[in-house]
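# A closer look at the structure
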Amino acid sequence: MDVENAVLELCSLPAQVLWSFVCVYRTTCRSPPGGGSTLLLDNEEEETRKYAEPLIGSDCRQGSTSEMADLWQNAMDHAVALARRAGEVVREALQDDRKVMTKSCSVDLVTQTDQKVEQLIIQSVKEKFPTHSFIGEESVAAGEACVLTDCPTWIVDPIDGTTNFVHAFPFVAVSIGFSVNRQMEFAVVYSCLEDKMYTARRGKGAFCNGEPLQVSGQEDIKQSIISTEFGSSRDPEAVEKIFLSLRSILCIPVHGVRGAGTAAINMCHVASGCVEAYYEVGIHVWDVAAGSLLVSEAGGVLMDVDGGAADLMSRRIVAANSRTIAERLVSEIHSFSPLRDDATP
Ligand SMILES: O=P(O)(O)O[C@H]1[C@H](O)[C@@H](O)[C@H](O)[C@@H](O)[C@@H]1O
Ligand SMILES: [Mg+2]
């Protein structure tokens, strides 16, 4: 049995026993086979210090059961380094012509860079964490299952904002969420063209380039900016609902409606406090997994567009600064239900 799964099953052991286990785990995972550093990306140690320090609480050396959570810090450090490397690939690709292909319809775009970045991330994670599972946008497009289990799972959108990338519209993100027991444990969203590294760790807050994030305190929707997207469905019924919602929300009236062209960055805007809420129907789990933790760790709330509990596989999301704004928004949304990400084929 691998180390992390063993730890998950040992939750009931006394803290001192667990702490010994954590020490062994850290030693093992920090030293690649042969003692070399082949599994570390360039600058990974530096990234580790820069982004891990604000995220590790001062109680992390006490050997309590909260130490369990810090087993994932190594994975998070790797995610940050990978997102930065992926961002370099994206920026380099913007210098060349981009060959555009389509997926579900003529406006659902993909490029070789999306595929290359996803390969880069998944291969590297497999080397370093061979027992972990994956849900990746381009792997699912290639026929892999989209199933979220209790296993440690990396949920990857190699380029969130592919249409922006194709047109060099300057909001493009690499989004990496990590879940354990179907609960988001850490999140990394790298806004490549702005060079903003958003990170969140469950229970430890959300950050942008190491600075803490806090959602807006605005509780009046009439004083708010709402963000959303039109998505890539051109199904007439879906388009009709999208416009009905937009009309109702504009006419509340709100201060404005925005959309960066990427769900991940829209959610970072909510976490940062410059937008009060974001909603969308038609997104996928890889678009919102990381963003959902960033919003909740910055003090925000997540909800379904009908007001129920958020479900990352449902392809519907409201992410807001507060329950008040979320519920007000829900009362104006004309919802619909795309096929779930985990629907059986
Ligand atoms: O750029 P991708 O990863 O395909 O994700 C976007 C999606 O394609 C659009 O339809 C949505 O409106 C965006 O919110 C997603 O971020
Ligand atoms: Mg996406």
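Labelled according to an unreviewed UniProt entry, the protein chain appears under the name Inositol-1-monophosphatase, originating from Gasterosteus aculeatus aculeatus. Under the heading Subcellular location (unreviewed entry), UniProt records this for the protein chain: "Cytoplasm". Recorded under Cofactor (unreviewed entry), the UniProt text for the protein chain is reproduced unchanged: "Mg(2+)".

### Quick word on the overall build of the protein chain
Summing up its helical and strand segments, the protein chain has 12 helices and 14 strands in all. Per-residue burial for the protein chain yields a buried fraction of 52% across its 345 residues. Pairs at least 24 apart in sequence give 66% of the contacts found in the protein chain among residues at least 6 apart.

### Points about the nonpolar core
Ranked by internal contacts, the top residues of the largest apolar core, which has 38 residues, are I135, I155, V189, L213, Y278, V285 and L294. Elements with a contribution of two residues or more to this core: β6 (183–191), β7 (196–201), β8 (205–208), α10 (263–272), α11 (285–297) and β14 (316–320). Leave out the neighbours within four places in its chain, and I135 touches V140, C146, V147, L148, T153, W154, I155, V156, V285, W286 and M313. By size, the runner-up hydrophobic cluster in this structure holds 32 residues, among which are A75, A86, F129 and F178.

### Description of the sheet that holds β6
Spatially, 7 strands are ordered β3-β4-β5-β6-β7-β8-β9 in an open sheet, and the strand pairing comes out mixed. In this open sheet, the two edge strands, each paired with only one partner strand, are β3 (133–136) and β9 (211–212). Pairing geometry for strand β4 (residues 153–160) and strand β5 (residues 173–180), over 6 bridges, is antiparallel. Of the residues in β5, the one forming a bridge with V156 is I176. Where helix α5 (residues 73–93) meets the sheet, it contacts β4, β5, β6 and β7, and its direction lies at approximately 25° from that of β6. α11 contacts β3, β4, β5, β6, β7 and β8 of the sheet and is inclined by roughly 100° relative to β6.

### A look at the pairing of β4
A large share of β4 lies buried, amounting to 8 of its 8 residues. With 4 bridges joining them, β3 and β4 adopt parallel strand pairing. Note that in β4 the partner of G136 across the bridge is V156.

### Re the packing of aromatic side chains
Think of a pair of aromatic rings as described by two things: how far the centres are apart, and how the planes are tilted against each other in angle. Evaluated as defined, the whole model comprises 7 aromatic pairs. Here W72 and F178 contribute two aromatic rings whose centre-to-centre distance is 5.2 Å and whose plane-to-plane angle is 55°, an arrangement assigned as tilted. In this pair, W72 is assigned in the loop between α4 (67–70) and α5 and F178 in strand β5, connecting sequence segments 106 residues apart. With respect to class, W72 is no different from F178; both count as buried. Ring geometry for F178 and F186: centres 4.6 Å apart, planes at 10°, overall stacked. Owing to a relative accessible area of 0%, F186 belongs among the buried residues under this scheme.

### Examining α11
Helix length check: α11, at 13 residues, gives a terminal C-alpha distance of 18 Å against a target of 18 Å (1.5 Å per residue), a fit within 8%. The largest bend in α11 amounts to roughly 25° and is located at G291. For α11, a buried count of 11 out of 13 residues is recorded, marking the element as mostly surrounded by other parts of the structure. Restricting attention to buried positions, one finds in α11 the residues V285, W286, D287, V288, A289, A290, G291, S292, L293, L294 and V295. Among the residues trailing α11, G299 stands out with phi positive, at a value near 100°.

### Thoughts on empty space enclosed by the protein
Unoccupied space between atoms shows up once a probe the size of one water molecule is rolled over them. Counting across every chain of the model gives 1 cavity of 30 Å³ or more. Volume-wise, the largest cavity comes out at about 90 Å³. I242, S245, Y279, V281 and F336 are the residues nearest the centre of the largest cavity, which is lined by 13 residues in total. Elements with a contribution of two residues or more to the lining of the largest cavity: α9 (236–250) and β12 (277–281). Residue classes in the lining of the largest cavity are distributed as 6 nonpolar, 4 polar and 3 charged.

Conventions we followed
- Here the residue numbering is sequential within each chain, running from 1 through the sequence in written order.
- Chain letters and ligand numbers both follow the written order, the letters beginning at A and the numbers at 1.
- Local features in this predicted model are restricted to residues whose pLDDT is 70 or higher, and side-chain atom pairs enter the listing and the counts only when it is 80 or higher, whereas totals over whole chains, interfaces and linings include all residues.
- Side-chain calculation: all heavy atoms of the structure are included, whereas hydrogens and water are not.
- UniProt positions are given in the numbering used here, feature names are shortened, and annotations may be inferred rather than shown by experiment.
- What counts as a helix is a DSSP run of H or I of at least four residues, what counts as a strand is a run of E of at least two, and both are numbered from the N terminus.
- When accessible area is computed with a 1.4 Å probe and restricted to protein chains, residues below 20% of their type maximum are described as buried, those above 50% as exposed, and intermediate ones as partly exposed.
- Contacts are assigned to residue pairs with any non-hydrogen atoms lying within 4.5 Å of each other.
- Residues enter a nonpolar core if they are buried and are Ala, Val, Leu, Ile, Met, Phe, Trp, Tyr or Cys, with the set joined through side-chain atoms within 4.5 Å.
- The pairing criterion for strands is at least two bridges between them, as found by DSSP.
- Only the contacting stretch of a helix is used when fitting its axis, a line to C-alpha atoms as for every element, and angles between N-to-C directions run 0 to 180 degrees.
- Two aromatic rings from Phe, Tyr or Trp, using only the six-membered ring of Trp, form a pair when their centres are within 6.5 Å; if the ring planes differ by under 30 degrees the pair is stacked, by over 60 it is edge-to-face, and anything between is tilted.
- Working rule for helices: expected span equals 1.5 Å times residues minus one.
- To obtain the bend at a residue, axes are fitted to the seven residues ending there and to the seven starting there, and the angle between these axes is taken.
- Residues are called lining when one of their atoms sits within 4 Å of a cavity or pocket point, these points coming from a 1 Å grid over the protein atoms alone, where a cavity is a set in which a 1.4 Å probe fits but cannot get out and a pocket is an open set with protein on both sides within 12 Å along at least five of seven lines.
- Grid points are joined across faces, edges and corners, and a volume is the space filled by probe spheres set on the points.
- All amino acids are sorted into three groups, where Ala, Val, Leu, Ile, Met, Phe, Trp, Tyr, Cys and Pro are nonpolar, Asp, Glu, Lys and Arg are charged, and the leftover types, Gly among them, are polar.

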